[in-house]
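Each chain is listed here by its residues.
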Protein chains: 2
Amino acid sequence: MGNASQSVKTKKAPEIMEASKPDTATRIQDVAERLFVEHGFEATSLRMITQQAEVNLAAVNYHFGSKDALFESVFMRRLAPLISGCLAELDELEQQGGKLEVEELVKTFIRPCLALSKDPSRGGALFVRLLSRTLVENHRQLREVISQQYSVFVQRYSVAFHKALPELGAEELAWRMHFAFSVMFNAFAGNDVLKIFVRSQVVSARDPDMIVKHLVPFVVAGLTSPA
Amino acid sequence: MGNASQSVKTKKAPEIMEASKPDTATRIQDVAERLFVEHGFEATSLRMITQQAEVNLAAVNYHFGSKDALFESVFMRRLAPLISGCLAELDELEQQGGKLEVEELVKTFIRPCLALSKDPSRGGALFVRLLSRTLVENHRQLREVISQQYSVFVQRYSVAFHKALPELGAEELAWRMHFAFSVMFNAFAGNDVLKIFVRSQVVSARDPDMIVKHLVPFVVAGLTSPA
DNA sequence: TTAGTATTTATATGTTTGTTTGAAACGGCA
DNA sequence: TGCCGTTTCAAACAAACATATAAATACTAA
């Protein structure tokens, strides 16, 4: 009997793959990721997921244990590598010494986001949108898991920004980081507030490179503006 | 029989109000507004609403016709005055002549948002949070209604910002406005991305005046940074 | 091939959803 | 008072929901 609460099995890919579909569990994750983004967690039923993934309804509970556990699995699958990528860039930047430039610091966050956005095999920009939905809906249990594992992420950036902007007080810096990450997240997620009001906006071209080109100067200007 | 599709009745307040509850319809709107913010549209059941509003389940369909119509009603009740407020400020600023300063332009948007955030009788910051949820969940029909009625809002600000920042091209300006409104909306909505990762952030103090104090310089710096 | 496990399937349970209904209660006006 | 339009009420509806279970199938190791 398939033990429910265990995490997704690491399974050898079949030797002979006649351009076949991925794992059942992976297929579920892929479809769930997209549907959670489109409809939100609570509005996405297991029936929608299993039908589109072309698996049996019970497969979700078999492989993941529950709908909640599926969500956590879908979420962590993308979050962990993204955070690792940012921290790796941060390590590299800090180790190469010299003055810590704000722009370079911003780019240590933006580059992994950009790479993710351009990689369809990792869901492209889907995860950033999922993140922004998760931010708005608040999954308490998920928040706990995240904050337990990744609080170092914010701490590292706080320290780094403090070094790069030593003239700012702690509170002022916290506000600016709050604003900066807010813009960046929403830019990658494609949350265009103005698009509610007008049908087609110039910005609607979703080319990630274009986002970055305009995003970096905006954020850096906000962060470095005189206190 | 209470005609469903008509909008909420404008009803004279009872002459003698012994500190009584508001209208049934208003009570429903107030509770729905809060619950839509907390749980999202689809995850908020009519039973949750009617129980907390202490009205009968059928009252929603009687007064508003459907759950969708209730949402539209809840949304428009706040949006219309907010937009009007912004446009009024914009009119005043433009009529007083002189060079159009970016900071003043930004404040024509921020002041009505701030006023709304500080007015509990209009739901305080609730609506901005509702707006940011609605942005992420996409109600197609609501989007249509909004864009039909309020596309002038974006057009007016586009023209004004073009005057205030004549050195910027149309595309560059669109991007910056996109970022600027994104920060402002999320700031008022209290969407703190970093709060996912760390339990208590310095920014967590939600004083609207504090938000504005730090928000304006950040946004203005981003908007006016050299091209 | 066979034994045993891993996975998939069909089916069932009990709950909750939005909406509808017909009757009861209310409130102003004759 | 008695009437009548407006509002509230309890009950019921089918549809969709998450989850559980046992049988059926696919697969692997011996």
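In this text, all values refer to a predicted model and were calculated from it rather than measured experimentally.

A.B. asks: How should the protein's contact with DNA strand D be read in this particular structure?
C.D. replies: Around DNA strand D, the structure places 16 residues, and the nearest of them are Leu46(A), Arg47(A), Thr24(B), Tyr62(B) and His63(B). Counting only atoms of DNA strand D within 4 Å of the protein, the fraction found in sugar and phosphate groups is 50%. The separation between a phosphate oxygen of DNA strand D and a polar side-chain atom of Ser45(A) is 3.1 Å. Thr24(B) is positioned such that a nitrogen or oxygen atom in its side chain is 2.4 Å from a phosphate oxygen of DNA strand D.

A.B. asks: Whenever I open this one, the state of the cysteines confuses me. Can you help?
C.D. replies: A disulfide bridge is the covalent bond that connects two cysteines by way of their sulfur atoms. All names here are of chain A. As enumerated under the stated definition, the model contains zero disulfides over all chains in all. Lacking any disulfide linkage, Cys86 is separated from the closest cysteine sulfur, that of Cys113, by 5.4 Å. Assessed through its relative accessible area of 3%, Cys113 is described here as buried.

A.B. asks: Quick question: what am I supposed to make of the protein's contact with DNA strand C here?
C.D. replies: Surrounding DNA strand C, one finds 17 residues, the nearest of these being Thr24(A), His63(A), Leu46(B), Arg47(B) and Lys67(B). Each atom of DNA strand C within 4 Å of the protein belongs either to a base or to sugar and phosphate, the latter forming 46%. Here Tyr62(A) contributes a side-chain N or O atom positioned 3.2 Å from a phosphate oxygen of DNA strand C. When contributions to the surface near DNA strand C are tallied by element, the ones reaching two or more residues are helix H3 (59–63) of chain A together with helix H2 (46–53) and helix H3 (58–63) of chain B. Taken together, the residues of the surface near DNA strand C sort by class into six nonpolar, eight polar and three charged.

A.B. asks: Sorry if this is basic, but what is going on with the interface of chain A and chain B here?
C.D. replies: Think of interface size as the accessible area that goes away when the parts come together; that is how it is often given. Counting residues at the interface gives 59 residues for chain A, matched by 59 residues for chain B. For the pair chain A and chain B, the two sides together bury roughly 5,700 Å², of which 75% comes from carbon and sulfur. Of all residues in chain A, Ile196(A), Phe197(A) and Phe218(A) give up the largest surface area on contact with chain B, accounting jointly for 15% of the area buried on that side. Our enumeration of links across chain A and chain B arrives at zero salt bridges. Viewed at the interface, chain B and chain A are joined by two residue pairs in polar contact (both at pLDDT 80 or more). Counting residues per element, the ones that place at least two in the side of chain A that touches chain B are helix H1 (24–39), helix H4 (67–95), helix H6 (126–136), helix H7 (140–164), helix H8 (170–189) and helix H9 (208–224) of chain A. With 15 residues, H8(A) is the single largest residue contributor to the side of chain A that touches chain B.

Here is what the cut-offs are and how they apply
- Residues numbered from 1 in each chain as written.
- Chains lettered and ligands numbered in written order.
- Predicted model: local features only at pLDDT ≥ 70, side-chain atom pairs only at ≥ 80, totals over all residues.
- Heavy atoms only, no water.
- Near = heavy atom within 4 Å.
- Polar contact = N/O pair within 3.5 Å; in protein donor to acceptor, adjacent residues only side chain to side chain.
- Disulfide = S-S within 2.5 Å.
- Buried < 20%, exposed > 50% of the residue type's maximum accessible area, 1.4 Å probe, protein only.
- Helix = DSSP H or I, 4+ residues; strand = E, 2+ residues; numbered from the N terminus.
- Nonpolar A, V, L, I, M, F, W, Y, C, P; charged D, E, K, R; others polar.
- Contact = heavy atoms within 4.5 Å.
- Buried area = accessible area lost by both parts, 1.4 Å probe.
- Salt bridge = Lys/Arg side-chain N within 4 Å of Asp/Glu carboxyl O.

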